[in-house]
Amino acid sequence: MREFIEFFSFADANIRFVTVGSVLLATSSAVVGCFTLLRKRALVGDAVAHAVLPGVCLAFMLSGTKNPFILLLGAFVTGWLSLITIDFITSRSRIKEDTAIALVLSVFFGIGILLLTAIQHSGNAAQSGLDKFLFGKAASLVGEDLIAFSLVAVLLLVTTILFYKELAMLCFDKAYAKTIGYPVRALELLLTTLTVFAVVVGIQAVGVVLMAAMLITPAAAARFWTDKLSLMLVLAALIGAFSGVSGAYVSYTAPAMPTGPWIVLIVSMIAILSFAFAPGKGWVSRLLRQRRNKTLILEENLLKLLYHLGEEKQDFHLPHSLQQILEKRAIPKKQVSAGLSKLRKQGYIEKTPAGWQLTLQGQRRGERVVRLHRLWELYLTQYLQLASDHVHEDAETIEHIITPELEQRLMEELDYPVLDPHSARIP
Amino acid sequence: MIIQVENPVVEVHDLTVSYDRKPVLWGIDLTLPAGSLVGVIGPNGAGKSTLIKAMMDLLPAGSGYVRIFDKPIAEVRNRISYVPQRESVDWDFPASVFDVVLMGSYGKLGLFKRPRQADKDAAMDALQKVGMQSFANRQISQLSGGQQQRVFLARALAQNADIYFMDEPFAGVDIATETAIIELLRTMREQGKTVIVVHHDLQSATEYFDWVVLLNMRLVASGPADQVLTQQLLEQTYGGKLTVLTKVGELLRKQEFPARES
């Protein structure tokens, strides 16, 4: 707890720097990642992330320093090279893109690990800390590094916002963009460059192995909450920022821990929560919708049943015992009781000493369900030429979903019919 | 029967287009008159979409050239408008109907600039013309096929171009949409615009178009609808592919041969 307060009071200048840095890195990758995701290039982002490792190692070997700008340059070169290789393989051979990505990713990463191991065994004292590129270490983001990486991150954000309209267009409809005279190739190049840069700065915090999560997961999570691109960018940025702060905190309190895995776990947690709880598209809200449908079907079936009983007796307000209701239709007793008491609360039926009886409202609603059922049966026999003994099952479902507008349409198309295919009266 | 016109809006000269070295269009030579409704008609795989894409320089030409308003396409981009096939985009993209129609103004706006109020008004106007104004804020994934087609049409209208290329605008839409679209096309023609439509239904072709291009890997006919839509020419168009032509195309692909020597 003491550590928590110490960290989040931001009293220590070092903590402030690390936090600001992590937030910037995570935010910029998340925002660029939105476009990478919409352009359906998520896997490419992963390949680039792995491919920057040999670049970092080579830059170090050639320059002998850990100057961030030189390392960035190296990362950028091999990151780009991997993309060109993927494009080259796809266009010049029968190998499909996913295979090309897998090939490039593993070859580049393999070379990277090879070089890294060679450096570590070379006895060069300056090499200590290069391995943080593997899994990331936010806490080591200080001094010159911090300034360099933050600068790039800010540049990324500004460029993305500046080209918002053009990038959106490119991702949605590339051919159309070209016909209105957009420099499509240049824009594609821009987006690719942004992706490579986002990866290159992001690896400082998460490392190459897990960088794809930083690029793609915030965007995927944000997509669940909104259908507006601008809002999606903001949400992804916020999710990125939050995970950035968490990563910095973990890195500060547990220096032996790599930051990457923590950030990835946190951002994935947010994504899973989004999949589950986002309104409309989330898993929970879909479950609720299905439950609502079930309840609706049960309630309407009970009203319909009482209406049928009323039809037989030619009196819709006679009470019927639970036994009579159960005999009429095979619904589990527990469900029937629950449904009946719910309908009573809604004012569709009343309970009298002699049993359950429809209110006027209940009679109307039951009547509507019966009408829809018979209308639909008639529609199927007339328009789909189904035999009259094949239409009941279908109508059992459809009767619950037809809207008043469709009901009106049906009435018109069937010319206000009186009898259904089984010669029952349509109420 | 290939009729050439004076002062054409579109001139296609000796155009050959290949996919993976296999030519799908052979030496197309045609001119189209201004202010007409042009139907590009032919069987599946005849290269109809390929032709209009190559006209707009969306596909590289193996040989030949296209001139629009007697200029290379790059100089007249702001006067042409494209309605792609509905299936060519991902309708799950996070955008509203209005967002998509507003894209029609992007060409004139240029890079970096945000749409102005006038562009927004133009987008709303275009939506009204296709009867979709009440759907402006609807997320595009919630649209039916016909509504998607209307949105694409509105986007093209918002461009206020002089020549329109439409790829199968009548494919898979409801009757109401089809009627609405053809009404709109007629109005556009009255305003002196040229509309080139890829179309697959022969029944309606006579009624819809005043100029027809019959295509099946090569140009079979190009001319006024009543002269071109004859039994004989249609048989030539639909009577199967030219076997030798197809086989030669296959050979070019297999042997990785260039379409032209130089």
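Residues numbered from 1 in each chain as written. Chains lettered and ligands numbered in written order. Predicted model: local features only at pLDDT ≥ 70, side-chain atom pairs only at ≥ 80, totals over all residues.

From N to C terminus, chain B includes ten helices and ten strands. Relative to the 2.2 N^0.38 estimate, which gives 18 Å for 262 residues, the radius of gyration of chain B is 19 Å and therefore close to what a compact globule would have. The dimensions of chain B, computed from C-alpha atoms along their principal axes, are 55 × 40 × 35 Å. Out of the 262 residues belonging to chain B, those deemed buried represent 44%. Summarising the internal contacts of chain B: among those between residues at least 6 apart in sequence, 72% fall at separations of at least 24. (Helix = DSSP H or I, 4+ residues; strand = E, 2+ residues; numbered from the N terminus. Rg over C-alpha atoms; globule rule 2.2 N^0.38 Å. Buried ≥ 20, exposed ≤ 12 C-beta atoms within 10 Å, placed from the backbone. Contact = placed C-beta atoms within 7 Å.)

Most peptide bonds take the trans configuration, and most residues that are not glycine carry a negative phi. All names here are of chain B. The phi angle at D14 is positive, at roughly 50 degrees, despite the residue not being glycine. Looking at where D14 falls in the secondary structure, it is placed in strand β1 (residues 10-19). A positive phi angle, near 70 degrees, is found at M217, a position not held by glycine. Here M217 shows up in the loop between β9 (211-216) and β10 (218-224).

Think of an α-helix as 3.6 residues a turn; residues three or four steps apart then line up on the same face. With 24 residues, helix α17 (residues 360-383) of chain A ought to run about 34 Å at 1.5 Å a step, and its terminal C-alpha atoms sit 34 Å apart, in line with that. Note on α17(A): the residue one or two positions beyond its end, A:Q385, has a positive phi of about 55 degrees. (Expected span 1.5 Å × (residues − 1).)

The next thing to look at is the UniProt feature "domain: Iron dependent repressor metal binding and dimerisation" (unreviewed entry) in chain A. Cross-referencing UniProt, the feature "domain: Iron dependent repressor metal binding and dimerisation" (unreviewed entry) maps to residues 359-427 of chain A in the present numbering. Along residues 359-427 of chain A the backbone is 59% helical and 0% strand, and the end-to-end C-alpha distance reaches 17 Å. (UniProt positions renumbered as here; feature names shortened; annotations may be inferred.)

We now examine the confidence of the model for chain B. All names here are of chain B. Summary statistics for chain B give a mean pLDDT of 90 and a share of 98% for residues scoring 70 or more. Per-element averaging of pLDDT across chain B places helix α10 (residues 243-254) at the bottom with 78 and helix α2 (residues 97-102) at the top with 96. Listed scores for the predicted complex are pTM 0.83 and ipTM 0.91. (pLDDT = per-residue confidence, 0-100.)

For the rest of this paragraph, the subject is the packing of helix α5 (residues 145-158) of chain B against helix α6 (residues 175-190) of chain B. Packed helices, taken two at a time, are described by the angle their axes make and the gap between the axes. All names here are of chain B. Across the interface, α5 lies against α6 with an axial gap of 10 Å and an inter-helix angle of 15 degrees. In terms of axis orientation, α5 runs roughly parallel to α6. Crossing angle aside, the handedness with which α5 passes α6 is left-handed. Taken together, the residues of α6 that come into contact with α5 (itself represented by G146, Q149, R150 and L153) are T177, I181 and L184. Its residues assigned to classes, the contact of α5 with α6 comprises three nonpolar, three polar and one charged. (Axes fitted to C-alpha atoms, helices over the stretch in contact; angles between N-to-C directions. Parallel < 35°, antiparallel > 145°, perpendicular 65-115°, else oblique. Left-handed = near helix turned anticlockwise from the far one by under 90°. Nonpolar A, V, L, I, M, F, W, Y, C, P; charged D, E, K, R; others polar.)

The next subject is the nonpolar core. Among the nonpolar cores identified, the biggest contains 177 residues, and A:V52, A:A236 and B:V101 are the most heavily contacted of them. The next biggest cluster of nonpolar side chains, apart from the first, holds 24 residues, and it includes A:L306, A:L340, A:L358 and A:V370. (Core = buried A, V, L, I, M, F, W, Y, C linked by C-beta atoms within 7 Å.)

Next up on the list: the sheet that holds strand β4 (residues 63-68) of chain B. Strands in a sheet are paired, the pairing made by backbone hydrogen bonds, and the direction either parallel or antiparallel. Residues and elements named next belong to chain B. Taken in spatial order, the four strands make up an open sheet running β2-β1-β4-β5, and their pairing is antiparallel. Looking along the sheet, the strands with just one partner apiece sit at the ends: β2 (22-32) and β5 (71-72). Looking at chain direction, β4 and β5 are connected through two bridges and run antiparallel. Each residue of the ladder has a partner; that of R67, found in β5, is P72. Across the face of the sheet, helix α1 (residues 48-55) comes into contact with β1, β2 and β4 while running at roughly 120 degrees to β1. (Pairing = 2+ DSSP bridges.)

On to the sheet that holds strand β3 (residues 37-41) of chain B. Residue and element names in this part refer to chain B. The six strands are arranged β6-β7-β8-β3-β9-β10 in an open sheet whose pairing can be described as mixed. Each of the sheet's edge strands pairs with one partner strand only, and the pair in question is β6 (80-83) and β10. The average undirected angle you get between the axes of adjacent strands in this sheet is 15 degrees. Helix-sheet contacts for helix α9 (residues 231-238) involve β9 and β10, and the interaxial angle to β10 is about 150 degrees.

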